[in-house]
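Listed below, chain by chain, are the residues.
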Amino acid sequence: QQQVRQSPQSLTVWEGETAILNCSYEDSTFNYFPWYQQFPGEGPALLISIRSVSDKKEDGRFTIFFNKREKKLSLHITDSQPGDSATYFCAAERYAQGLTFGLGTRVSVFP
Amino acid sequence: GPKVLQIPSHQIIDMGQMVTLNCDPVSNHLYFYWYKQILGQQMEFLVNFYNGKVMEKSKLFKDQFSVERPDGSYFTLKIQPTALEDSAVYFCASSLAGGLGEQYFGPGTRLTVL
């Protein structure tokens, strides 16, 4: 049983468009949600994160929207660039425990 | 950003042998983690470690697994003996804080058990 689900599995956008990645979770005790970006052959790199007390977090072209009631969140990548082509993982954590990861969304940005 | 290093990048061993995976965490970080990712599946938490002790472990952290960080050197994951199902990519991570702290990951060690 997957505790963190991501959709879509893969996503293709053109340069300059907004990519929207979705994530949902089962356990309401999760209270921290980081998103990681991973390029082939590398480890996941922390991109942006949000705590459950907030409903939005913005960092440059990356924005997390969080809906605690529905246990859903999304990552928006505005003005997508070819260098954003990577796999993006949504993760969830409850205090002082390990991260629970989703399966990831593979994003391809074409020029 | 902060870098976590892992040695080796690849390891091939025969079933039943012992293997040690090494992690060089971010220098001032205090919390250390191991995750396991089988091809095509999500990354799964194995264990976290702080102040010389295992703080939490998942059901994937079998009795054959052990972790240590002797004298502030590498943070290691030892598997003894190895089994075929241990084949996976193992990621090390470290964080400065333990509660909801930002975890920084290494590039992973691909372990193949024959």
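Only a predicted model underlies this, so the values are computations on that prediction, with no experimental measurement involved.

How do you make sense of the pattern of salt bridges when you look at a structure like this?
Side-chain pairing between opposite charges can occur once the charged atoms of the two side chains come close. What the rule picks out here adds up to four salt bridges over all chains. For the salt bridge of R5 of chain A with E26 of chain A, the shortest nitrogen-to-oxygen distance reads 2.5 Å. Note that R5 of chain A is positioned in strand β1 (residues 4-7) and E26 of chain A in the loop between β3 (19-25) and β4 (32-38), a separation of 21 residues in sequence. The class of R5 of chain A is partly exposed, set by a relative accessible area of 39%. Its salt-bridge partner being D86 of chain B, residue K62 of chain B comes within 2.9 Å of it at the nearest N-O pair. Highlighted residues: K62 of chain B in the loop between β6 (53-57) and β7 (65-68) and D86 of chain B in the loop between β8 (75-79) and β9 (88-95), separated in sequence by 24 residues.

Honestly, the interface of chain B and chain A in this entry has me stumped. Any pointers?
Note: interface size is frequently given as the accessible area lost on complex formation between the parts. Contacts between the two partners involve 19 residues from chain B, matched on the other side by 23 residues from chain A. Both sides together, the interface formed by chain B and chain A hides about 1,700 Å², and carbon and sulfur atoms give 57% of it. Linking chain B with chain A are zero salt bridges, by the criterion used here. On the surface where chain B and chain A come into contact, there are three residue pairs in polar contact (both at pLDDT 80 or more). Taken together, the elements giving at least two residues each to the side of chain B that touches chain A come down to β4 (31-37) and β5 (44-50) of chain B.

What counts and how
The written sequence of each chain sets the order in which its residues are numbered from 1. In the order they appear in the text, chains get letters beginning with A and ligands get numbers beginning with 1. Only residues with pLDDT of at least 70 get local features here, since the model is predicted, and only at 80 or more are side-chain atom pairs given and counted; chain-wide, interface and lining totals rely on the full set of residues. Processing note: side-chain calculations cover all non-hydrogen atoms of the structure and skip hydrogens and water entirely. Counted as salt bridges are all cases of a side-chain nitrogen of Lys or Arg within 4 Å of a carboxyl oxygen of Asp or Glu. Each helix is a run of H or I in the DSSP string that is no shorter than four residues. Each strand is a run of E no shorter than two, and both are numbered from the N terminus. Buried residues are those whose accessible area, probed at 1.4 Å on protein chains only, stays under 20% of the maximum for their type, while exposed residues exceed 50% and partly exposed ones sit between those limits. Here a residue-residue contact requires only that any non-hydrogen atoms of the pair lie within 4.5 Å. In this description, buried area is defined as the sum, over both parts, of the accessible area (probe of 1.4 Å) that is lost when the two are combined. We define a polar contact as two N or O atoms separated by no more than 3.5 Å, with the added condition that, inside protein, one atom must be a possible hydrogen donor and the other a possible acceptor, whereas residues neighbouring each other in sequence contribute only through side-chain atom pairs.

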